[in-house]
Amino acid sequence: MVRRQRPRRLACLALMAVLLADLLALSDTLAVMSVDLGSESMKVAIVKPGVPMEIVLNKESRRKTPVTVTLKENERFFGDSAASMAIKNPKATLRYFQHLLGKQENNPHVALYRARFPEHELGFDPQRQTVYFQISPQLQFSPEEVLSMLLNYSRSLAEDFAEQPIKDAVITVPAFFNQAERRAVLQAARMAGLKVLQLINDNTATALSYGVFRRKDINTTAQNIMFYDMGSGSTVCTIVTYQTVKTKDAGLQPQLQIRGVGFDRTLGGLEMELRLREHLAGLFNEQRKGQGTKDVRENPRAMAKLLREANRLKTVLSANADHMAQIEGLMDDVDFKAKVTRAEFEELCADLFERVPRPVQQALQSAQMNLDEIEQVILVGGATRVPKVQEVLLKAVGKEELGKNINADEAAAMGAVYQAAALSKAFKVKPFVVRDAVIYPILVEFTREVEEEPGVRSLKHNKRVLFSRMGPYPQRKVITFNRYSHDFNFHINYGDLGFLGPEDLRVFGSQNLTTVKLKGVGESFKKYPDYESKGIKAHFNLDESGVLSLDRVESVFETLVEDSPEEESTLTKLGNTISSLFGGGSTPDTKENGTDTVQEEEEGPAEGSKDEPGEQAELKEEAEARAEDTSPPPPSEPKGDAAPEGEKATEKDSGEKPEAQKPSEKGEVGSEGVPPAPEEGKKQKPARKQKMVEEIGVELVVLDLPDLPEDELAHSAQKLQDLTLRDLEKQEREKAANSLEAFIFETQDKLYQSEYQEVSTEEQREDISGRLSATSTWLEDEGFGATTVMLKEKLAELKKLCQGLFFRVEERKKWPERLSALDNLLNHSSMFLKGARLIPEMDQIFTEVEMTTLEKVINETWAWKNATVAEQAKLPATEKPVLLSKDIEAKMMALDREVQYLLNKAKFAKPRPRPKDKNGTRAEPPLNASTSDQGEKVIPPPGQTEDAKPVSEPEKETRSESADSEPLELGGPGAESEQKEQPTGQKRTLKNDEL
């Protein structure tokens, strides 16, 4: 029996070791965070053990933080502190800088930013053709660096809230971000030292939050929900389909699929505020007309005040028909006051409200749906609170009402943090399948020579769609180039962007992504001249963040070799058995989030332009079919088929077309699969296929926006780290200065309190007061240039000077409580000792040495207390006391230790066995017996043993006897054993006695 359990025990031990290793690896990542980066404000959420999903409060205890950074020569401000600095120093206060991410200097959005915020000086980076903020001749920062500072600040907020370090994060980005903009966000996170689990689209995060909290309402029937998100800087309309699908790993689970997306990059609350600011500036200029003053638009501080007032005015007009705008000291100490009505506001933004339905139409076109199929339209974003926006949108969608049953500000942050918990290894959440959609299609272009007629060669340009518009991602694809035997180049570009308008195309930037130069193709053919070429395979990956990457390019060759079925060794068989035992024999083809490995054969039998559309359609259909394959896996095959299954998965991953498996192919060795079991080996043919893979060198030429080189990225990260350390040192110095100043004021006040005057002389108080005044004067005159060390040294000197005074006061405060506790302990210990000595000798569980020791400790404690209190009474209050609270606590601990020892001994003591009478029963007096009766004891005769057979008595009399008198005994195992030894005719009820 033991031998049979040994393998199971070993497996359990191995599993425990693996789990322990995982727990140790996860000890540093027990909390994850999400950052919902909006144009105007951001929300940070965390998940940690004991805190499922919670929005982080900033230092001002607010749930959202302004996306604002103030950069000065010696200090930085973030959030609300930076927003307040926008009035005092508008040039150094940076806002809405995300609009410059991933954009070159000639982008229309750069010119728009300059027009909106003329106080900022934008420099030009000739290497990357981008812009940067020129704060001063010594201070210049790129938009990525500014975003990195903000991400680092958000992490500090999350760490303070979670009370532990955090490195993993999910960051939201607008759905319309292209490859360059997404890479810019990732670079900023890398500078900040954050590990980005995923860049999730903010519309997808909102849809996930909506579905997670309504999981019970999702069923097999598809539900189409439209989310209309108008924030501060942009507007995005998304159509999402919710339904439950059957997954291979988790069974029936809810799923959201992005079906259609429409957007407007510049339609949002910021543009409305700018219109209001311009209106207020015109009103102020009219009020001061004829006074010979300059235009208020030329004063950056005044314009910053007007923008803040415009933001407040827009919010108030959403609930009121009119409101009075007023600013004290707008410019030249002149106050501004003007009345603005909602009708005027709507007239100023009339052209903006006309653009409200466009994202809805774009989303419906991309989803190939109509409004009748949409069940509900839900509002998201702060700008949707404007009544005119809701009015126009309601008319455009033709619904009875608009859904407002979601937190418009925090939905994206909560959805992103749920995704962070799902991606983190430290948490286990209920699966929710997320299938995001590709907004901008991506294709591969290449040129090769073809011979149309004998002796006539020409160049043919080919295009192959890699990731189609609205196709699901994350996803992997492989393209095979079959007709190249030498080095060649191909290009990765965006596909058809006809759904974008002319202005959107200009904002979009370069439509060319990367040029890929392959090196080593010819050498690979020379290395394997006798092998048949299976083509040059390029492996692409569109990851969870929507960022495209070229994983690798390899040249694949294949040939037939002879093989014998006896080649499988014992070690190989053992490896197969262990692999199948621990579940390593098969790997799921798809992930829960819908990641697919989709092949795409680029070269076909005919490559004319007429065949290309049909081929693309076929490949797209294959990708969708595999992405939607959520049926359970087929029944398990015998062990001998494990190798062919692994081979099929490898072929799909490498991009080859699936072929009929031959028995000879099942015995392949190497990268293609695992050798078969012996019973399959008997069916093998002598010849089998052998595949050789040669890695091809790749040189990437980025065409849209060059990434920061590694040395510049490291330099930027170091620069930001130095700024963070400088901020920490500044905070430490400010803390030391505040502590010193507070100590001076508190101590000066204490010198006049009666409890401090009682324990000090006049000379001592004058000495302390003089030192405090001198330090206060030094702090006012020279404290601004003092270092943190100097401030801490000054504080330490003052504390040392006042240590005796504070000690005497604190001791006198502790005496009543400590002495009272000591008296109570002494009284209880004496009562306990007295009770222990009264225990009869037959039932005594304490030895004489133990009781004597306790009595000695009690007497010594009484003597010490009386002597020390008497001695302390003789000393003046200004001297160091001899009665110390720590000594009282030490005496209490010593006495309590002795008492606890005896109490624990009594708790676990067993009662002693008692002598038996002739009848085998203990002669115990009843409880109501007299004292004389209780003193009598029955002793058996010398010649008779205790094992003598007792005389049986009538059961009725025994019951009456046990009912009248119950023996008083200490409960324990001994009592139970004695009861079992009694004759069956005598039943006695035992009762536990408390000491």
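As the structure is a prediction and not an experimental result, all values here were calculated from the model. (Residues numbered from 1 in each chain as written. Predicted model: local features only at pLDDT ≥ 70, side-chain atom pairs only at ≥ 80, totals over all residues. Heavy atoms only, no water.)

S.K.: Any chance you could explain the overall build of the protein chain here in plain terms?
M.R.: Looking only at helices and strands, the protein chain features 29 helices and 32 strands. Sequence-distant contacts, at least 24 apart, represent 71% of the contacts inside the protein chain between residues at least 6 apart. Accessible area of the protein chain: about 52300 Å², with a carbon and sulfur share of 51%. (Helix = DSSP H or I, 4+ residues; strand = E, 2+ residues; numbered from the N terminus. Contact = heavy atoms within 4.5 Å. Areas by Shrake-Rupley, 256 points an atom, 1.4 Å probe, with all protein chains shown as cover.)

S.K.: What's the story with the pattern of salt bridges in this structure? I'm lost.
M.R.: Any two side chains of opposite charge can pair, so long as their charged atoms come close to each other. Per the counting criterion, the structure on display carries 44 salt bridges. Through salt bridges that share partners, Lys72, Glu75, Lys730 and Glu734 make up one connected network. (Salt bridge = Lys/Arg side-chain N within 4 Å of Asp/Glu carboxyl O.)

S.K.: Would you explain the sheet that holds strand S13 (residues 223-230) in this entry?
M.R.: One key point about sheets: their strands pair by backbone hydrogen bonds, in either a parallel or an antiparallel sense. The sheet built from 6 strands is open, its strands ordered S18-S13-S14-S15-S19-S22 with mixed pairing. Unpaired on one side and paired on the other, strand S18 (376-380) and strand S22 (472-473) mark the two borders of the sheet. Pairing of strand S19 (residues 433-437) with S22, which is carried by 2 bridges, proceeds in the antiparallel orientation. Bridge pairing in S22 places Asp436 opposite Tyr473. Contacts from helix H6 (residues 202-212) reach S13, strand S14 (235-247), strand S15 (251-264), S18 and S19 within the one sheet, and its direction differs from that of S14 by about 50 degrees. (Pairing = 2+ DSSP bridges. Axes fitted to C-alpha atoms, helices over the stretch in contact; angles between N-to-C directions.)

S.K.: Got a minute to help me understand the nonpolar core in this structure?
M.R.: Where a protein is soluble and globular, its nonpolar side chains tend to be buried together. Core analysis: the biggest nonpolar cluster contains 112 residues, and Leu151, Phe227, Tyr242, Phe481, Phe490 and Phe540 have the highest contact counts within it. Among the elements that make up this core, the one with the highest residue count is helix H4 (residues 143-162) (9 residues). In this view, Phe490 contacts Val444, Glu445, Phe446, Phe481, Thr514, Thr515, Val516, Leu518, Ala538 and Phe540; residues no more than four positions away in its chain are not counted. (Core = buried A, V, L, I, M, F, W, Y, C linked by side-chain atoms within 4.5 Å. Buried < 20%, exposed > 50% of the residue type's maximum accessible area, 1.4 Å probe, protein only.)

S.K.: In this structure, what is going on with the side chain of Asn152? I would like to understand it.
M.R.: Here Asn152 is to be found in helix H4. A polar side-chain atom of Asn152 sits 3.0 Å from a polar atom in the side chain of Arg155. (Polar contact = N/O pair within 3.5 Å; in protein donor to acceptor, adjacent residues only side chain to side chain.)

S.K.: Could you clarify how one ought to interpret helix H26 (residues 885-908) in this entry?
M.R.: One full turn of an α-helix is made of 3.6 residues, so residues set three or four places apart face in the same direction. With 24 residues, H26 ought to run about 34 Å at 1.5 Å a step, and its terminal C-alpha atoms sit 34 Å apart, in line with that. Burial in H26 covers these residues: Ser885, Ile888, Met892, Leu895, Val899 and Leu902. The secondary structure elements touched by the buried residues of H26 are helix H24 (803-837) and helix H25 (848-874). (Expected span 1.5 Å × (residues − 1).)

S.K.: Would you explain the sheet that holds strand S7 (residues 93-95) in this entry?
M.R.: Taken together, the 3 strands give an open sheet; going across it, the order is S6-S5-S7, and neighbouring strands pair in antiparallel fashion. Edge positions in the sheet fall to strand S6 (76-78) and S7, since each of these pairs with one other strand and no more. Adjacent strand axes in the sheet meet at a mean angle of 20 degrees when their direction is disregarded. Direction of pairing for strand S5 (residues 68-71) relative to S6: antiparallel, over a ladder of 3 bridges. Bridging across to S6, Leu71 finds its partner in Arg76. Contacting S5, S6 and S7, H4 runs over the sheet at an angle of about 110 degrees to S5.

S.K.: Any chance you could explain the pairing of strand S16 (residues 322-331) here in plain terms?
M.R.: Side-chain positions along a regular strand alternate between the two faces of the sheet. Inspection of the sheet shows S16 paired to strand S17 (residues 334-341) by 7 bridges, in the antiparallel sense. By the bridge assignment for S17, Gln326 is matched with Lys337.

S.K.: Looking at this structure, how should I read H24?
M.R.: The first and last C-alpha atoms of H24 sit 48 Å apart over 35 residues, in line with the 51 Å expected at 1.5 Å per residue. Considering bend angle alone, the principal kink of H24 is centred on Trp815 and spans about 40 degrees; proline Pro816 follows within four residues of it. (Bend = angle between axes of the 7 residues up to and from the residue.)

S.K.: Quick question: what am I supposed to make of unusual backbone geometry here?
M.R.: The phi angle of most residues is negative, glycine excepted, and most peptide bonds adopt the trans form. In this chain, Tyr473 is followed by Pro474 through a cis amide linkage whose omega measures 10 degrees. Within the secondary structure layout, Pro474 lies in the loop between S22 and strand S23 (475-481). Although it is not a glycine, Ser61 adopts a positive phi angle of roughly 60 degrees. Residue classification places Ser61 among the exposed residues on the basis of a relative accessible area of 55%. Look at Asp332: it is not a glycine, yet its phi comes out positive at around 55 degrees. Looking at the element boundaries, Asp332 is found in the loop between S16 and S17. Its relative accessible area of 53% is what places Asp332 among the exposed residues.

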